[in-house]
Amino acid sequence: MKLKSIASAACAVALSASLMAGLSACSSDTVAATVGSVNISEEKVTNYIQGYRTSQGLEEDSDFAMVLGMYGMTPADFRESVINLFVNQELVKMAAKEKGISVDTETIDVYVNKIRSNYSDDASWQNALKNAGLTEQEYRDNIEYTLMYNQLTASFGVSAEPTEEQVLTVAKDNLKYFQNAKRSSHVLFDLEDEATAQEVLGKIKDGTLSFEDAAAEYSKDSSSENGGDVGWDALTTFVDEYQQGLDALSLGEVSDLVKSQFGYHIIKCTEVMPAADKINALSDLPEAFQSFFTNLATIDNTSSFGSWLNGYKSTVSVKINPMPKKLPYDVDMSAATTPVETLAEPVATADADQAAESK
């Protein structure tokens, strides 16, 4: 139901392509970019973008165009941002090799076995990899890269893990952008179920049915498993009708029926962002924003390494080729909307334990 932001989706270290079938106008011998002597194939870039679209529910071209437009991007811009992520990955590998940094097989085995132990048998493990769009070797490569990246940044005396004080400073610097943020839950009904939706709304409002129970029993959305929770509006993008319905609610209030292209929503405002003067410690922030500001602090914390990496990039031949025509993500941008301001650039850092889930 909701469209997640491009910036948050780009925070991935694995950068592994999803195993997408039937991609047109794209072949493994078409080169999107060259880093030194290493070629980055157009297929790899396209697979990554198509995998992103699938994971974010943006299979419809109009939806993808709308989100691109919100961030002032074209398909070519998004392609370039993905290529740059792959370019930086290759630069890290080159720099690590020059510095004699490597990760031995035994260390990788430890991480793989730790995650694999969560699955009952090999078939379950292989199925999980397949669902993540990875082969086991790609997963191992992701872990190797993550550990290599961490060692390389550590060699510059920086840590990817910011202190609580650093995170709180970043939060206070950016809180002005989130003062009207609201968290919400909803119960979603099909368009033909208006009568049922109205009946359930009445029960919620007269107290004979809890909102959470209504979501679990009636909602057509996957959020029903979590009481209907769909998160914070400031950290995602809702369709206009839903957002307008939420904007009208105060903490704890329940809306009347809200109609959108997805069906009829009953919306409840479950949390609001505390006032800036009420936040004196990281724990005063909602958990989702603790994570968000930690990511921003991580970007700041590794800026010295990023500056070095940009300098190193100038010593390596990097060529990005023009975007081919008729790629599956080269969507019609007529559905684009007015660009919005973003707070941070994408960053390619993550914990190795999450490599299989970072796609």
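No experiment lies behind these values; they were computed from the predicted model shown. (Residues numbered from 1 in each chain as written. Predicted model: local features only at pLDDT ≥ 70, side-chain atom pairs only at ≥ 80, totals over all residues. Heavy atoms only, no water.)

Points about the packing of aromatic side chains
Okay, step 1: In total, this model carries 14 aromatic pairs according to the counting rule given.
Okay, step 2: Ring plane angle 70° and centroid distance 5.3 Å describe the contact between phenylalanine 178 and phenylalanine 289, whose orientation is recorded as edge-to-face. Taken together, the residues phenylalanine 178 in the loop between α8 (164-174) and β4 (182-189) and phenylalanine 289 in helix α12 (residues 287-301) connect sequence positions 111 residues apart.
Okay, step 3: Phenylalanine 178 gets classed as buried once you look at its relative accessible area, which sits at 5%.
Okay, step 4: Ring centres 4.7 Å apart and planes at 35° place the aromatic pair phenylalanine 238 and tyrosine 242 in the tilted group. Take phenylalanine 238 and tyrosine 242: they sit in the same class, and that class is buried.
Okay, step 5: Each member of the aromatic cluster is reached from another via a ring pair, and the members are Phe178, Trp232, Phe289, Phe292 and Phe293. (Phe/Tyr/Trp six-rings, centres within 6.5 Å; stacked < 30°, edge-to-face > 60°. Helix = DSSP H or I, 4+ residues; strand = E, 2+ residues; numbered from the N terminus. Buried < 20%, exposed > 50% of the residue type's maximum accessible area, 1.4 Å probe, protein only.)

Examining the pairing of strand β3 (residues 38-41)
Okay, step 1: Bridging between strand β2 (residues 31-35) and β3 involves four bridges; their strand directions are antiparallel. Along β3, the bridge assignment pairs alanine 33 with isoleucine 40.
Okay, step 2: Hairpin connection between β2 and β3: a loop of two residues separates the two successive antiparallel strands, and glycine 36 in this loop has a positive phi of roughly 60°. (Pairing = 2+ DSSP bridges.)

A closer look at the packing of helix α5 (residues 105-116) against helix α7 (residues 136-154)
Angle between the axes and distance between the axes are the two parameters that describe a pair of packed helices.
Okay, step 1: Taken N-terminus to C-terminus, the directions of α5 and α7 make an angle of 115°; their axes are 10 Å apart at the nearest point. Every pair of crossing elements has a handedness; the one defined by α5 and α7 is right-handed. From α5, Thr105, Thr107, Ile108, Asp109, Tyr111, Val112 and Ile115 reach across to α7, where they touch Glu136, Tyr139, Arg140, Ile143, Glu144 and Leu147.
Okay, step 2: Of the residues assigned to the contact of α5 with α7, the class counts are seven nonpolar, two polar and four charged. (Axes fitted to C-alpha atoms, helices over the stretch in contact; angles between N-to-C directions. Left-handed = near helix turned anticlockwise from the far one by under 90°. Contact = heavy atoms within 4.5 Å. Nonpolar A, V, L, I, M, F, W, Y, C, P; charged D, E, K, R; others polar.)

A short note on the pairing of β2
Okay, step 1: Judged by how many residues are buried, β2 sits mostly within the fold: four of five residues are covered.
Okay, step 2: Relative to strand β9 (residues 318-320), β2 is paired through three bridges, and the arrangement is antiparallel. Each residue of the ladder has a partner; that of threonine 34, found in β9, is lysine 319.

Brief notes about the sheet that holds β9
Okay, step 1: With respect to topology, three strands assemble into an open sheet ordered β3-β2-β9, the strand pairing being antiparallel. Two strands lie at the open edges of the sheet, namely β3 and β9, each paired on one side alone. Averaged over all pairs of adjacent strands, the angle between their axes in this sheet comes to 20°, without regard to strand direction.
Okay, step 2: In this fold helix α2 (residues 42-55) packs onto β2 and β3, with an angle of close to 45° to the strand it touches most, β3.
Okay, step 3: This element, helix α4 (residues 75-98), spans β2, β3 and β9 of the sheet and lies at about 30° to β2.

A closer look at the pattern of salt bridges
Okay, step 1: By the definition in use, this model includes nine salt bridges.
Okay, step 2: With a shortest N-O distance of 3.7 Å, glutamate 90 and lysine 93 are connected by a salt bridge. With a gap of three residues between them, glutamate 90 and lysine 93 both fall in helix α4, about one helical turn apart.
Okay, step 3: We classify glutamate 90 as buried; its relative accessible area is 10%. (Salt bridge = Lys/Arg side-chain N within 4 Å of Asp/Glu carboxyl O.)

Details of the nonpolar core
Okay, step 1: The biggest cluster of nonpolar side chains holds 48 residues, and the ones touching the most others in it are Val45, Phe64, Phe78 and Tyr139.
Okay, step 2: Within the residue set of this core, elements represented by two or more residues are β2, α2, α3 (61-70), α4, α5, α6 (122-131), α7 and α13 (303-313).
Okay, step 3: No other element matches the 10 residues that α4 contributes to this core.
Okay, step 4: In this structure valine 45 touches Ala32, Ile40, Arg79, Val82, Ile83, Phe86 and Tyr329, once residues within four positions along its chain are discounted.
Okay, step 5: Val170, Phe178, Trp232 and Ala297 belong to the second largest nonpolar core, which has 16 residues in total. (Core = buried A, V, L, I, M, F, W, Y, C linked by side-chain atoms within 4.5 Å.)

Here's the deal with the sheet that holds strand β7 (residues 258-260)
Okay, step 1: Spatially, four strands are ordered β5-β4-β8-β7 in an open sheet, and the strand pairing comes out antiparallel. In this open sheet, the two edge strands, each paired with only one partner strand, are β5 (229-232) and β7. With strand direction ignored, the average angle separating the axes of adjacent strands in the sheet is 40°.
Okay, step 2: Bridge count for β4 against β5 is three bridges, and the pairing is antiparallel. For serine 184, the partnering residue across the bridge sits in β5 and is glycine 231.
Okay, step 3: Contacting β4 and β8 (263-272), helix α9 (residues 194-205) runs over the sheet at an angle of about 30° to β8.
Okay, step 4: Each of β4, β5, β7 and β8 touches helix α11 (residues 240-247); the most contacted strand, β4, lies at about 125° to it.

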